[in-house]
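# Coordinate analysis (summary)
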Amino acid sequence: TSHRQYLTGLGMDANRVALGYDAVDNHFFRDAARKARDRSAQLRRECGLPKHYFLASARFIEKKNLLRLIEAYGHYHRLRRDCGRRTSGQEPWHLVLLGDGPLKSELRSLISKLSLGDYVRLPGFKQIEELPAYYGLAEVFIHASSTEQWGLVVNEAMAAGLPVLVSERCGCAADLVREGTNGFSFDPHDVTQMADLLKRLADMDPGRRAELGASSETIIGDWGAERFAAGMDACVRKAHEVGPHATGVFERQLLQVLLAR
């Protein structure tokens, strides 16, 4: 939806835009995550995963906003520990951050500075066949990018049946996140808001949280390979209907100049 709004803002006819391009193999992530839950005890030992954790998966680069995510987790951690001391409640959930990249040393430094080394885990980059174990055993998925054309990891997490917290700067947020139904969106620059949402999901009744995850799976069911194919078919049909663009003299001259460079 946000992509279509951008194109129509540039002057493109909305009738020439078809949706559905950003899709993953929903069945793979759904089925593999379910199998992972059936083997949860074994996989937790093999992967070194805690009982409860938030999951994020991203390249360790600036636009993924991971430093702020860790800061937000630090705020959540303090809130949860303070609440736990007062009420004898549960320990804070962990944060598992999949991926690798040039900001890895900065992320490790921040984790150390905030004394979160026992709670934030960096298992590294994982291949597609390894991902369902991490999705399947997680409680909530969070994607905090400060800018993102779409965010296919959100598709993967939803297909795996997870509630999602998604930055409003991600292209997928408008189409995939239904506030209070399968998760929430947030301002990626607002660390306090992120922390509050982490706490909100962690404090939520497990049954209610499961409902959000089930809604994620239902919603993403409309964004699979079939929708991609339908969108591509619609684009091809529209291209045939509209026909080739008639170029003017200036455009042909400009093209010749560019081709000669």
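Placed above this text is the structure.
Here goes a summary of the coordinates provided. Just so we're clear, the structure is a prediction, and the values are computed from it rather than from any experiment. (Residues numbered from 1 in each chain as written. Predicted model: local features only at pLDDT ≥ 70, side-chain atom pairs only at ≥ 80, totals over all residues. Heavy atoms only, no water.)

## Observations concerning the pattern of salt bridges
Taken as a whole and judged by the stated rule, the model has 10 salt bridges. Between arginine 30 and aspartate 31 there is a salt bridge, and its shortest N-O distance comes to 2.9 Å. Its relative accessible area of 25% is what places arginine 30 among the partly exposed residues. Aspartate 233 is paired through a salt bridge with arginine 237; the nearest N and O atoms lie 2.7 Å apart. Taken together, the residues aspartate 233 and arginine 237, both in helix α11 (residues 225-242) and 4 residues apart, mark about one turn of the helix. With a relative accessible area of 38%, aspartate 233 lands in the partly exposed category. A relative accessible area of 57% means that arginine 237 is categorised as exposed. Within the structure, one salt-bridge network assembled from shared partners comprises Lys63, Lys64 and Glu148. (Salt bridge = Lys/Arg side-chain N within 4 Å of Asp/Glu carboxyl O. Buried < 20%, exposed > 50% of the residue type's maximum accessible area, 1.4 Å probe, protein only. Helix = DSSP H or I, 4+ residues; strand = E, 2+ residues; numbered from the N terminus.)

## Re the pairing of strand β2 (residues 94-98)
Across the 5 residues that make up β2, a large majority, 5, are buried. Judged by which residues are buried, β2 turns out to be covered on both faces: His94, Val96 and Leu98 on one side and Leu95 and Leu97 on the other are all buried. Pairing of strand β1 (residues 53-57) with β2 involves 5 bridges; the strand directions are parallel. Its bridge partner lying in β2, phenylalanine 54 is registered against leucine 95. Relative to strand β3 (residues 120-124), β2 runs parallel, the two being bridged by 3 bridges. Across the sheet, leucine 95 pairs through a bridge with valine 120, a residue of β3. (Pairing = 2+ DSSP bridges.)

## A look at the packing of aromatic side chains
Per the stated rule, a full pass over the model turns up 8 aromatic pairs. The interplanar angle of 50° and the centroid separation of 5.9 Å between the aromatic rings of tyrosine 135 and phenylalanine 141 together place this pair among those described as tilted. The exposure class of tyrosine 135 is buried, given its relative accessible area of 1%. Relative accessible area serves as the criterion here: at 0%, phenylalanine 141 is assigned to the buried category. An aromatic cluster of three or more residues is present, and its members are Phe28, Phe29, Tyr135 and Phe141. A cation over a ring is seen here: arginine 227 above tryptophan 223, with NZ or CZ 3.9 Å from the ring centre. (Phe/Tyr/Trp six-rings, centres within 6.5 Å; stacked < 30°, edge-to-face > 60°. Lys NZ or Arg CZ within 6 Å of the ring centre and 35° of its normal.)

## What to know about the layout of surface pockets
What the largest pocket holds in volume is close to 380 Å³. Among the elements that make up the lining of the largest pocket, the one with the highest residue count is helix α7 (residues 152-159) (3 residues). (1 Å grid on protein atoms, 1.4 Å probe; cavity = no way out; pocket = protein on both sides within 12 Å on 5 of 7 lines; lining within 4 Å. Points joined across faces, edges and corners; volume = space filled by probe spheres on them.)

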